Amino acid sequence: MNTMLRKSVLGIAGLAFTGGIFAGPVAAHAAEPVHSTKPVAVSVQGDKLIPHGVQGAQSKIDLNDEQTANAKAIIAATKKAGLPERAAVISIATSLQESKLENLGHLGDKNDHDSLGLFQQRPSSGWGTPEQITDPEYSTLAFLKGLKQVDGWQDMPLTEAAQTVQVSAYPDAYAQWEQQAADIVAHNWNS
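Here, residues in each chain are numbered from 1, in the same order as that chain's written sequence. Local features in this predicted model are restricted to residues whose pLDDT is 70 or higher, and side-chain atom pairs enter the listing and the counts only when it is 80 or higher, whereas totals over whole chains, interfaces and linings include all residues. Think of the side-chain values as coming from all heavy atoms in the structure, minus any hydrogens and water.

Draft legend 1. Molecular detail of the overall build of the chain. Helices and strands together make up the secondary structure of the chain, namely seven helices and zero strands. Ordered by position from the N terminus, the helices and strands of the chain form the series α-α-α-α-α-α-α. The rule is simple: take the accessible area with a 1.4 Å probe, protein chains only, and divide by the maximum for that residue type; under 20% is buried, over 50% is exposed, in between is partly exposed. By the burial criterion, 37% of the 191 residues in the chain qualify as buried. Counting only contacts in the chain whose residues sit at least 6 apart along the sequence, the fraction spanning at least 24 positions is 62%. A total accessible area of about 11100 Å² is found for the chain, and carbon and sulfur atoms account for 56% of it. Note on conventions: DSSP H or I runs of at least 4 residues are helices, E runs of at least 2 residues are strands, and numbering of each starts at the N terminus. Throughout, a residue-residue contact means that at least one pair of heavy atoms, one from each residue, lies within 4.5 Å. The Shrake-Rupley method, run with a 1.4 Å probe sphere, supplies the accessible areas, and residue values consider only the shown protein chains as cover.

Shown next, in the form of structure tokens:
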């Protein structure tokens, strides 16, 4: 989201908050409060990209040309698979967590087992050959194939959908990338 739009949204939110403080005592008895068991999160991307709002603190990194190209490859593969923008958001957030959108080869002792590519998929776990896994289109389509097998993935928080496919030792870590992934998809889906 560009800076001007973000400042406008934050300014409007600030006015609404200030208005609520001043109007609060007057309107305190106007209606019963509504309580929700769902965590409250604000999403400027809307229901299509972030249907559940972001969960927890968000991380963001500056992308270089290679990382941007990999994000665009994930979007292209998502379109090829006939899946909606939300699938691209989940895929990009997963890749941001797993590899920071870098197509990683074998890292020697720093490698997590035999994990490779954008999604840190493992040949020994049946994701494909090392050559396939390090191909951005193939690895994305493999991830999306796994995502499609998750019942109700469209209605899950991002981190649950990603974790069900990836089976990570850090299941909640994917959530921190949701806003950046949604911003990337919003910026590149129609380009």
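Draft legend 2. Inspection of the packing of helix α3 (residues 85-99) against helix α5 (residues 136-148) at higher detail. It is at 11 Å that the axes of α3 and α5 come closest, and there the two elements cross at 120 degrees. By the criterion of interaxial angle, the relationship of α3 to α5 is oblique. Between α3 and α5 lies a crossing of right-handed hand. In contact with Ala87, Ile90, Ser91 and Thr94 of α3, α5 contributes Phe143, Leu144 and Leu147. When grouped by side-chain class, the residues that make up the contact of α3 with α5 number five nonpolar, two polar and no charged. Axes here refer to lines fitted to C-alpha atoms; in helices the fit is confined to the stretch in contact. Angles between the N-to-C directions go from 0 to 180 degrees. Any angle that is under 35 degrees is reported as roughly parallel, and any over 145 degrees as roughly antiparallel; angles of 65 to 115 degrees are reported as roughly perpendicular and all others as oblique. Two helices that cross are described as forming a left-handed crossing if the nearer one is turned anticlockwise from the farther one by less than a right angle, and a right-handed crossing if clockwise. Basically, the charged four are Asp, Glu, Lys and Arg, the nonpolar ten are Ala, Val, Leu, Ile, Met, Phe, Trp, Tyr, Cys and Pro, and anything else, Gly included, counts as polar.

Draft legend 3. Representation of unusual backbone geometry in the model. Phi is positive for Lys100, which is not a glycine, with a value near 55 degrees. Here Lys100 shows up in the loop between α3 and α4 (130-133).

Draft legend 4. View of the pattern of salt bridges. In what follows, salt bridge is the name for a side-chain nitrogen of Lys or Arg lying within 4 Å of a carboxyl oxygen of Asp or Glu. Tallied over the full model, the rule gives three salt bridges. Of the charged contacts in the structure, one is a salt bridge between Glu137 and Lys80, with a shortest N-O distance of 2.5 Å. Residue Glu137 is located in helix α5, and its partner Lys80 is located in helix α2 (residues 65-80); the two are separated by 57 residues in the primary sequence. When its relative accessible area of 34% is taken as the criterion, Glu137 is described as partly exposed. Among the residues examined, Lys80 registers a relative accessible area of 58% and is labelled exposed. Here Glu178 ties to Arg86 by a salt bridge, and the two come within 2.7 Å at their closest N and O atoms. In this pair, Glu178 sits in helix α7 (residues 178-188) while Arg86 sits in helix α3, placing the two residues 92 residues apart along the sequence. An identical accessibility class is assigned to Glu178 and Arg86; each is buried.

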